[in-house]
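# Observations on chain architecture
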Amino acid sequence: MKPRDLLLALAAVVVWGINFVVIEVGLEGVPPLLLSALRFFFVAVPAIFVLGGPRVPWRYVVGVGLALGVAKFGLLFIAMDHGVPAGLASLVLQSQVIFTVLIAITVLRERPRPAHLVGIAIACAGIVLIVLDRKLSAPLGALVLVIVAGASWSISNTITRYAKPPDMLRFMVWISAVAVVPLLILSLLTEGPRADVEALRTIDLSGIGAIAYLAFGATLFGFGVWGYLLRQYAASTVAPFSLLVPVVGMSAAWVLRGEAVGPQQAIAAVLVIGGMACTIVRRPAPRSAVRTDGHRRHLPAPSK
């Protein structure tokens, strides 16, 4: 990877990791579903009028918009509003890796490699350690919401895989537009018009800054950079950087919010991140598949 692209990958990881602390700041003055709706509104507008159509079938745009924008982020914001701290949320959300692999095995009928199964077992052990941690301050119900958010993320991953968007930034803008209206309706129904209006009327600079960071930093910059890297390099080169997101998230929560990490949580973090690593590491290509100039050549499929 070129030095510039390496710096871009690390920048995206740092922005995504700090994102969880910023969510906490935003939730101090804005209800969770309204905060999520505002985040996606400013991602979508005015970008949808500049970038043009999504270049993928609308069923994929709507599917990812509901699974990622409404379910994943809506549930994540609600869970954090109900007491799941930023660092823990950044870690538990990585349960999406478990669900993504399970969907690939059960729905897509992909044959799992032994490393996939080992990774799932290790990551599950880490999640169980978190749930059983007696010193955990987060309510169990809120923690379950983060896990469900991870499952929703895995569904959006699967739909995105089918969609194969040629421009990830454009795709992200349009799925954000899809998410805004359902989030606003849910906010009005559950959080109430009075609470929403009061939050908008009294929003301060920290709330405005949080929304700007979530929209332009974590979403437009983060996904824009990630999409660019995936177009330039193999997924196996880019994906390992995602392992650093919970590391940055937990570190940022400790430094900026004073969120302590106990021994059991530390062990759980190692297990979850280690399990993730097992699921994304790829076997090296056979020597016969690589030319002397370093480029991969296509080999015929092995006979059955």
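As the structure is a prediction and not an experimental result, all values here were calculated from the model.

What counts and what doesn't
- Residues numbered from 1 in each chain as written.
- Predicted model: local features only at pLDDT ≥ 70, side-chain atom pairs only at ≥ 80, totals over all residues.
- Heavy atoms only, no water.
- Axes fitted to C-alpha atoms, helices over the stretch in contact; angles between N-to-C directions.
- Helix = DSSP H or I, 4+ residues; strand = E, 2+ residues; numbered from the N terminus.
- Parallel < 35°, antiparallel > 145°, perpendicular 65-115°, else oblique.
- Left-handed = near helix turned anticlockwise from the far one by under 90°.
- Contact = heavy atoms within 4.5 Å.
- Nonpolar A, V, L, I, M, F, W, Y, C, P; charged D, E, K, R; others polar.

At a minimum axis separation of 8 Å, helix H2 (residues 32-44) and helix H11 (residues 205-232) run at an interaxial angle of 55°. When the axis of H2 is compared with that of H11, the two are oblique. The two elements H2 and H11 cross, and the hand of that crossing is right-handed. Between H2 and H11, the residues in contact are Leu-35, Leu-38, Arg-39, Phe-42 and Val-43 and Ile-211, Leu-214, Ala-215, Phe-216, Ala-218, Thr-219 and Leu-220, respectively. A per-class count over the contact of H2 with H11 returns ten nonpolar, one polar and one charged.

Across the interface, helix H4 (residues 58-81) lies against helix H8 (residues 140-163) with an axial gap of 8 Å and an inter-helix angle of 160°. Relative to H8, the element H4 lies roughly antiparallel. As for how H4 packs across H8, the hand of that crossing is left-handed. The residue makeup of the contact of H4 with H8, split by class, is 19 nonpolar, four polar and one charged.

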